[in-house]
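Given next are the chains, with one letter for each unit.
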There are 2 protein chains.
Amino acid sequence: MAKEKKVEQITDMEVDFAQWYTDICRKAELVEYASVKGFTILRPYGYAIWENMQNIMDGMFKKTGHQNVAMPVLIPESLLKKEGELVNGFAPEVAWVTMGGSEKLEERLAFRPTSETMFCDHWHNVLQSYRDLPMLYNQWCSVIRWEKTTRPFLRSREFWWQEGHTIHETAEEAQAETEQQLRCYADFFENVLAIPVVPGRKTDKEKFAGAEATYTVECMMKDRKALQGATSHYFGDKFSRAYDVTFTGRDNKLQYPFQTSWGSTTRMIGAVIMTHGDNNGLVLPPKVAPIQIVVLPIAQHKEGVLEAAASLKQRLTDAGWRVKMDDSDNSMGWKCAQYEMKGVPLRVECGPRDLENGQCVLVRRVDGEKVTVKLEELETAAAEQLELAQKIMYERALKNMQDNTYEAHSLEEAKQLQQEHGGFIKTMWCESLECEMKMKEEGGMSSRCMPLKQEHLGDTCPICGKPAKKMIYWGIAY
Amino acid sequence: MAKEKKVEQITDMEVDFAQWYTDICRKAELVEYASVKGFTILRPYGYAIWENMQNIMDGMFKKTGHQNVAMPVLIPESLLKKEGELVNGFAPEVAWVTMGGSEKLEERLAFRPTSETMFCDHWHNVLQSYRDLPMLYNQWCSVIRWEKTTRPFLRSREFWWQEGHTIHETAEEAQAETEQQLRCYADFFENVLAIPVVPGRKTDKEKFAGAEATYTVECMMKDRKALQGATSHYFGDKFSRAYDVTFTGRDNKLQYPFQTSWGSTTRMIGAVIMTHGDNNGLVLPPKVAPIQIVVLPIAQHKEGVLEAAASLKQRLTDAGWRVKMDDSDNSMGWKCAQYEMKGVPLRVECGPRDLENGQCVLVRRVDGEKVTVKLEELETAAAEQLELAQKIMYERALKNMQDNTYEAHSLEEAKQLQQEHGGFIKTMWCESLECEMKMKEEGGMSSRCMPLKQEHLGDTCPICGKPAKKMIYWGIAY
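The model shown is predicted, which means the values in this text are computed figures rather than measured ones.

S.K.: Tell me what's going on with the overall build of chain A, and back it up with residues and numbers.
M.R.: Looking only at helices and strands, chain A features 14 helices and 23 strands. Against the compact-globule benchmark of 23 Å for 478 residues, chain A has a radius of gyration of 25 Å, which places it among compact chains. On the principal axes, the C-alpha backbone points of chain A span a range of 80 × 55 × 45 Å. The proportion of buried residues among the 478 residues of chain A is 60%. Carbon and sulfur atoms provide 46% of the accessible area of chain A, an area that totals close to 19400 Å². The averaged location of the 69 negative side-chain charges in chain A is 2 Å from the averaged location of its 59 positive side-chain charges.

S.K.: Give me the lowdown on the nonpolar core, citing residues and values where you can.
M.R.: Counting residues in each nonpolar core, the largest one holds 86 residues, and the members touching the most others are Leu74 of chain A together with Leu74 of chain B. If near-sequence neighbours (up to four positions away) are discounted, leucine 74 of chain A is found in contact with Val97, Leu109, Ala110, Phe111 and Met118 of chain A together with Val36, Phe39, Ile144 and Trp146 of chain B.

S.K.: Residues and numbers for the layout of surface pockets, please.
M.R.: Over the atoms, a rolled probe matching the size of one water molecule traces out where space is still vacant. When its volume is computed, the second largest pocket comes out at roughly 2200 Å³. Taken together, 49 residues line the second largest pocket, and the ones lying closest to its centre are Glu29, Lys324, Gln338 and Lys342 of chain A together with Gln67 of chain B. Elements supplying a minimum of two residues to the lining of the second largest pocket: α1 (17-27), α2 (44-63), β16 (323-325) and α10 (332-341) of chain A together with β3 (67-68), α5 (116-126) and β7 (135-144) of chain B. It is α2 of chain A that provides the largest number of residues to the lining of the second largest pocket, a total of six residues. Classifying every residue of the lining of the second largest pocket gives 18 nonpolar, 13 polar and 18 charged.

S.K.: If you had to explain the relation of the copies chain A and chain B to someone new, which residues and values would you point to?
M.R.: If you rotate chain A by 180° and push it 0.0 Å along the axis, it lands on chain B with an RMSD of 0.0 Å. Here the two chains are linked by the operation of a two-fold rotation axis. Using C-alpha coordinates, one finds that chain A approaches the rotation axis most closely at valine 97 of chain A, a distance of 2.1 Å. Interface residue correspondence from chain A to chain B reaches 100%, placing this contact among same-surface, isologous pairings.

S.K.: Please give an account of empty space enclosed by the protein that cites residues and values.
M.R.: All names here are of chain B. One pass over the full model with this rule turns up four cavities of 30 Å³ or more. Empty space within the largest cavity amounts to approximately 60 Å³. Around the largest cavity sit Val294, Tyr339, Glu340, Val344, Arg347, Val363, Arg364, Arg365 and Gly368, which together line it. Residue assignment for the lining of the largest cavity shows that the elements contributing at least two residues are α10 (332-341) and β18 (359-364).

S.K.: Pulling in residues and values, what's your account of the pairing of strand β15 (residues 293-297) of chain B?
M.R.: All names here are of chain B. For β15, the buried fraction is high: five of the five residues fall into the buried class. Neither face of β15 is left uncovered, since the one carrying Ile293, Val295 and Pro297 and the one carrying Val294 and Leu296 both have all their residues buried. As paired elements, β15 and strand β16 (residues 323-325) share three bridges and run parallel to each other. In the sheet register, isoleucine 293 faces β16, and the bridge partner there is valine 323. Here β15 runs beside strand β17 (residues 346-350); their pairing, made up of five bridges, is parallel. Within the sheet, the bridge partner assigned to leucine 296 lies in β17 and is glutamate 349.

S.K.: Go over the environment of arginine 201 of chain B, please, and point to the residues and values.
M.R.: Residue and element names in this part refer to chain B. In this fold, arginine 201 is placed in strand β9 (residues 198-201). Through-space distance from the C-alpha of arginine 201 to that of arginine 448 is 8.5 Å; in sequence the pair is 247 residues apart. If sequence neighbours within four positions are ignored, arginine 201 has contacts with Glu212, Ala213, Thr214, Tyr215, Cys449 and Met450.

S.K.: Residue-level account of the interface of chain A and chain B, with values.
M.R.: Contact with chain A, which involves 55 residues of that partner, is made by 55 residues of chain B. When the two sides are added together, the surface that chain A and chain B hide from each other amounts to roughly 4200 Å², 61% of it contributed by carbon and sulfur. Among the residues of chain A in contact with chain B, Val36, Pro44 and Ala70 of chain A are the three that bury the most area, contributing 12% of the side total. Linking chain A to chain B there are four salt bridges. Measuring nitrogen to oxygen at the nearest pair gives 3.0 Å for the salt bridge that ties glutamate 51 of chain A to lysine 62 of chain B.

Rules of the game
Residues numbered from 1 in each chain as written. Chains lettered and ligands numbered in written order. Predicted model: local features only at pLDDT ≥ 70, side-chain atom pairs only at ≥ 80, totals over all residues. Heavy atoms only, no water. Helix = DSSP H or I, 4+ residues; strand = E, 2+ residues; numbered from the N terminus. Rg over C-alpha atoms; globule rule 2.2 N^0.38 Å. Buried < 20%, exposed > 50% of the residue type's maximum accessible area, 1.4 Å probe, protein only. Areas by Shrake-Rupley, 256 points an atom, 1.4 Å probe, with all protein chains shown as cover. Lys, Arg positive; Asp, Glu negative; His and termini not counted. Charge placed at Lys NZ, Arg CZ, Asp CG, Glu CD. Core = buried A, V, L, I, M, F, W, Y, C linked by side-chain atoms within 4.5 Å. Contact = heavy atoms within 4.5 Å. 1 Å grid on protein atoms, 1.4 Å probe; cavity = no way out; pocket = protein on both sides within 12 Å on 5 of 7 lines; lining within 4 Å. Points joined across faces, edges and corners; volume = space filled by probe spheres on them. Nonpolar A, V, L, I, M, F, W, Y, C, P; charged D, E, K, R; others polar. Least-squares fit on C-alpha atoms with pLDDT ≥ 70 in both. Pairing = 2+ DSSP bridges. Buried area = accessible area lost by both parts, 1.4 Å probe. Salt bridge = Lys/Arg side-chain N within 4 Å of Asp/Glu carboxyl O.

This is the structure in structure tokens:
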């Protein structure tokens, strides 16, 4: 007899979105809290999602000529301090190593909050001629930022990320790299994670400490809050000058290279949860799902069912999918709920009657739609359903973003729209910090970005009435 | 005209082995020193070797059911101290974080020197029933051990590694896991890195702090010194008890699981350099070489040569190899020296005369042997040459190890053999710490391992004359 195992319940997102989110993180076994305050553990299922993200992104980076390296995790304070803006931006969040073994260190060492300084220090040592350029590096690692409040994936004292760091002969090449990597992120979000994004430029207030320009891909979660997906920075030659990175140019004179950096983190898993999840749990985009298809035999004690299910599993595995068959003695109800919680994109059910009819049933996680398919068409049908799932997920997320993007022509209207609907509020803007601060303090919204695709909504800044320079998105962000 | 670029020279290994080693590390662009004392940077070429090692090992681990996770990098002192032997073993080498932002921490946090404690803490929280067992985890990360003297890859304050951690229902299962992972390492060393190993058990003196038993694969370098390749540990239920990790057993009673851990590090790159390298530089085993085949067009300005070389490159790439074509304007002499320095296993040369004759020349890095092959047989010939290169590398290393393993029947003889020849000295042993210390102090050798394949060399311990229990290997180790 099937053992009745309790199906774990999660809070409805309409009741308490934050609790719903935490419930998924725990019940889908993505993360667990550690004994170190503010730190999290990526459990096998959560880490497997991250691994899939890494594999795909790493391939994209390598295709455009980037190479992976490993830099030291500790940065001497004096090195970190050479560039003033960067250190001011990160100093309040740095964890310091002050003891090595039983000895007090002469100089304390920062656990990297980001590695621009180490890369510059390395380039200072190895860069010689324009022939060595560009240097296109990337690093997969964890960093620490000593945050006060933390939430799984979204804000954690330690998080896992990739940080790309490049130097180029000319400003134009470095700018092109910054834009290329932004497009790479947009591509990854939209075509892999099925999350639509608004690519744009950050305001000076919101840009990365020390950068000349920061670009971002902004997403909208199901609760209509904004989430910064990934960022790409252009530094000009500011760090080169601070760290004395030089090369002999084509004119035989010493020159400073131009620099970029770009990063994306495990917070993308948070974005996936809050973009696609529902009250039954996680909904994973097929390309990053650790299990893409789960095969569940129905009435598996009946003759031939288990063998048939195993053969379906094998065929789907041979077709290149990540497949699991669950022939445990848990009930069918529990199994369905379990794989829904874990967000497995496609479920294949096959019981005695299906087999008699030479068919099986495919169930899409995203909308629960069932399709009966002939056994001989399994591979094609599964591929179609997974592609369709990806499409439906993207379109739903896009609709959520489009339906919740509002145009405002006064601070009051912007504020009211945000309070009533949430989402992105787009307005014109004069580019002054004053107006940005006013929107923050009175409207309760931070600037998200100045979209690359600009629209003309009017001639004046709705906050101060002065001539407008840019169209900008505002929102409440994670 | 071809530009004459200077070929970098390295010290001959017969003149100064240590300097030869460091020269290769630098000139093959594997590592660079960082501004942080005792820390190194893995440069793109060095990191690419590590990535290839990671990919292959990770596949091996996953095939036997292991899952990757990410644990916090910082460990509270109180947590680290719960198991006395472990903390005593590692305390002198721990780097401590004492400040977070501008605040002094209430409890200092250790940068992980190894993660047994974090895994136990996690299992304490999540393990419930025997149905959850085994838990087979692995983590790829960096660790810090505050060493006094450092050398690239061999001893560095930060190094990159994988640490496997598993818990099991029974002691037998955990012991089997320990042995399985040791065999996995032996397989990786012999069949991937082309490095023969002596698998065996460490003495109590040399075992991992807190382990009940430590197993190792020991290798011999070209200077006849020993290098510990990778280790696999059995903990019994010692840590489970110290960290209160329990599960409900089949008898419905609370039980302690049995634990293992096993690790291998970037020092394997050091082992590759010192096992296979020669006075022209690095010699890489084909399976981990970032570039497996380099195609060099001869007289590339002549009509058709570049196109032909490009087509060879494409064919070899399509056959699944990692291939580079170098059509830069550097001289042929410089290019050959450069790719020899970098240890590229196979060079393909093609010039106008070769093309006229419908052939090209393959040159093996390991012994410089040249083979002329018909163009249409390129793929088969390349595969054969790479397989042959792997075989030659392994056999040469095996011969070095066999030729330099000596049998001794007294401490004096052991000492003399070591002084005259270096290498492994095998003797019988009574298993007393006293005799082990005596061999260390008077013979200048540490115990390497008690090989799994035991031989009977006599009945008594040659050091104290008491009855012998084991055959043991001694050597001078990195």
